[in-house]
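The chain contents come next:
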Amino acid sequence: MVEFTEGDRVRIDIPNETDPDHDRYHGLHGTIIDVVEDDAGVVTGDARDGVIFQIELETGSTADFRCHDLRSPIER
């Protein structure tokens, strides 16, 4: 799995159409502006879940995502 850091450009990938965030975020691109850790990885047993990426989207808004929702960007 690709590891992302602050300053990386990413694409939001939420393929599950029943996910409440799918329509709002799926396919958008943005830049990681902050990386924060929490204890979700301890609960799930997957250390990657303990990292939250704050993304500044191309729309100008910001949103938080976990690693499983991020992919390398599609260059235009």
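This text goes with the structure placed above it.
Residues numbered from 1 in each chain as written. Predicted model: local features only at pLDDT ≥ 70, side-chain atom pairs only at ≥ 80, totals over all residues. Heavy atoms only, no water.

Peer 1: Is there a simple way to think about the overall build of the protein chain in this case?
Peer 2: Along the backbone of the protein chain there are 2 helices and 5 strands. Starting at the N terminus and ending at the C terminus, the protein chain contains elements arranged as β-α-β-α-β-β-β. Taking all 76 residues of the protein chain together, 33% fall into the buried category. Counted over contacts in the protein chain with a minimum sequence separation of 6, partners at least 24 positions apart contribute 43%. (Helix = DSSP H or I, 4+ residues; strand = E, 2+ residues; numbered from the N terminus. Buried < 20%, exposed > 50% of the residue type's maximum accessible area, 1.4 Å probe, protein only. Contact = heavy atoms within 4.5 Å.)

Peer 1: Explain the nonpolar core here, please?
Peer 2: Side chains that are nonpolar tend, in soluble globular proteins, to be buried together. The biggest cluster of nonpolar side chains holds 14 residues, and the ones touching the most others in it are Ile12, Tyr25, Phe53, Ile55, Phe65 and Leu70. Looking at this core, the elements that each hand over two or more residues are strand S1 (9–12), strand S3 (51–57) and strand S4 (62–66). Sorting elements by how many residues they give to this core places S3 first, with 4 residues. (Core = buried A, V, L, I, M, F, W, Y, C linked by side-chain atoms within 4.5 Å.)

Peer 1: What is the right way to look at the sheet that holds strand S2 (residues 29–37) in this model?
Peer 2: Backbone-to-backbone hydrogen bonds join strands into a sheet, with any given pair of strands oriented parallel or antiparallel. Overall, antiparallel pairing links the 5 strands, which are arranged S4-S3-S2-S1-S5 in an open sheet. A strand with exactly one partner marks an edge of an open sheet, and here the two such strands are S4 and strand S5 (70–71). (Pairing = 2+ DSSP bridges.)

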